[in-house]
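# Survey of secondary and tertiary structure
The lines below spell out each chain.
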Amino acid sequence: MTWETYYDKFYDWAESTAVSHLSRLTDFGPSAEVCEIAQMFSEEAAANRLIRKALASGVRFTAEEIGELDGVVAKSLMPQLVQTTSTPLTAEVLDELSDWLNGDQLRTIARQNGITVDAYGQVVLPPTEEEKQQKRDWEELGRTLDALAQERARKQKEELLLARVILAVRSIHRRERREKRRKEQEGK
């Protein structure tokens with residue numbers, strides 16, 4: 001039985017008939033339709049059977065569909081759904097799907113996709129635009145403070161130099177006055 005026929009007749013059948021026809025399926029349609037049908041089964045075993053058969057036939061579910069299947073199929077099926085998702089695995093997507101993986105599964109999938117997982121088993125998300133802007137702002141503030149500190153240090157050096165010049169001039173004036181007094185006293 002083709003998926004098209006199964007899908008078209010599904011809502012006309014009793015659930016037991018729909019479950020019994022699962023074994024007759026020869027192909028599958030879009031993942032969205034498979035997900036929809038799996039959610040209609042009241043028995044987890046029937047949904048598991050449908051999803052396993054779909055996965056074996058090459059159906060790949062999106063991250064959103066995997067989320068919809070949570071609680072519909074057995075938890076043991078969730079890692080396989082995540083590992084075969086049709087959604088490109090970015091850090092954000094893997095973070096959404098990580099609840100259905102154990103630590104080893106998460107690290108393996110992350111490594112295969114160049115995604116970082118921290119020591120606590122959490123997906124390391126790339127910074128948001130706001131976080132990037134905050135970082136740029138802090139860096140700019142740091143550069144400004146460095147420039148102000150350098151300017152202050154330059155001014156302090158100038159003030160120190162000026163103070164030395166003033167002391168030197170005073171010292172010269174004192175020497176000159178002493179010399180002048182000495183010559184006046186010698187002249188008397």
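Our subject is the structure listed above.
What counts as what
Along each chain, numbering runs from 1 in the same order as the chain's sequence is written. In view of the model being predicted, local features appear only for residues whose pLDDT reaches at least 70, and side-chain atom pairs are presented and counted only at 80 or more, with totals across whole chains, interfaces and linings using the full set of residues. For the side-chain quantities, the full set of heavy atoms in the structure was used; hydrogens and water were omitted. A fitted line through C-alpha atoms represents every axis, and for helices the fit uses only the stretch in contact; the resulting angles, taken between N-to-C directions, go from 0 to 180 degrees. Strands here mean DSSP runs of E at least two residues long; helices mean DSSP runs of H or I at least four residues long; both are numbered from the N terminus. Oblique is the label for any angle not under 35 degrees, not over 145, and not in the 65 to 115 range, which are roughly parallel, roughly antiparallel and roughly perpendicular in turn. Here a crossing is called left-handed whenever its near helix is offset anticlockwise from the far helix by less than a right angle, and right-handed whenever the offset is clockwise. Residue contacts are defined here by distance: any two heavy atoms, one from each residue, within 4.5 Å place the two residues in contact. Any residue with relative accessible area above 30% and no salt bridge may belong to a patch, with like charges joined within 9 Å and the nonpolar Val, Leu, Ile, Met, Phe, Trp and Tyr side chains within 5 Å. All accessible areas in this document rest on Shrake-Rupley with a 1.4 Å probe, and a residue is counted as covered only by the protein chains that are shown. One speaks of a salt bridge when a side-chain nitrogen belonging to Lys or Arg is within 4 Å of a carboxyl oxygen belonging to Asp or Glu. Neither His nor the chain ends contribute to the count of charged residues, in which Lys and Arg are positive and Asp and Glu negative. In this description, the location of a charge corresponds to atom NZ of lysine, CZ of arginine, CG of aspartate or CD of glutamate. What we call a nonpolar core is a set of buried Ala, Val, Leu, Ile, Met, Phe, Trp, Tyr and Cys residues that are connected through their side-chain atoms within 4.5 Å. A 1.4 Å probe rolled over the protein chains alone gives each residue an accessible area, and that area as a share of the maximum for its type sets the label: buried under 20%, exposed over 50%, partly exposed in between. The arc in question is traced by the directions running from the helix axis to the C-beta atoms. Nonpolar residues are Ala, Val, Leu, Ile, Met, Phe, Trp, Tyr, Cys and Pro. Charged residues are Asp, Glu, Lys and Arg, and all others, Gly as well, are polar.

### Observations regarding the packing of helix H3 (residues 31-40) against helix H4 (residues 44-56)
Between H3 and H4, the shortest axis-to-axis distance is 8 Å and the interhelical angle comes to 160 degrees. It follows that H3 is roughly antiparallel to H4 by the angle criterion. Here H3 runs over H4; the crossing is right-handed. Touching Val 34, Ile 37 and Ala 38 of H3 are Ala 47, Leu 50, Ile 51 and Ala 54, all from H4.

### A look at a positive patch on the surface
On the surface, Arg 170, Arg 174, Arg 175, Arg 177, Arg 178 and Arg 181 cluster together into a positively charged patch. Within the secondary structure, Arg 178 sits in helix H9 (residues 129-187).

### A closer look at the nonpolar core
One finds Phe 41, Leu 50, Ile 51 and Phe 61 to be the most contacted residues of the largest nonpolar core, which totals 42 residues. By residue number, the principal contributor to this core is H4, which donates six residues.

### Quick notes on helix H1 (residues 3-10)
Every buried residue of H1 is listed here: Trp 3, Tyr 6 and Phe 10. Here the buried residues of H1 occupy an arc of 65 degrees about the axis, which is enough to place them on one side. Along H1, exposed side chains directed more than 90 degrees from the buried face belong to Glu 4 and Asp 8.

### Observations concerning the environment of Ser 57
With respect to the helices, strands and loops of the structure, Ser 57 is situated in the loop between H4 and helix H5 (63-69). Along the chain, Ser 57 and Phe 28 lie 29 residues apart, while their C-alpha atoms are 7.3 Å from each other.

### So, the packing of H1 against H3
With their axes 11 Å apart at the nearest point, H1 and H3 run at an angle of 40 degrees to one another. Taken as axis vectors, H1 and H3 run oblique relative to one another. Considering how the two elements wind past one another, H1 and H3 form a crossing that is left-handed. Note on element contacts: H3 touches H1 through Glu 33, Val 34, Glu 36, Ile 37 and Met 40, opposite Trp 3, Tyr 6, Tyr 7 and Phe 10. Partitioned by chemical class, the residues of the contact of H1 with H3 number seven nonpolar, no polar and two charged.

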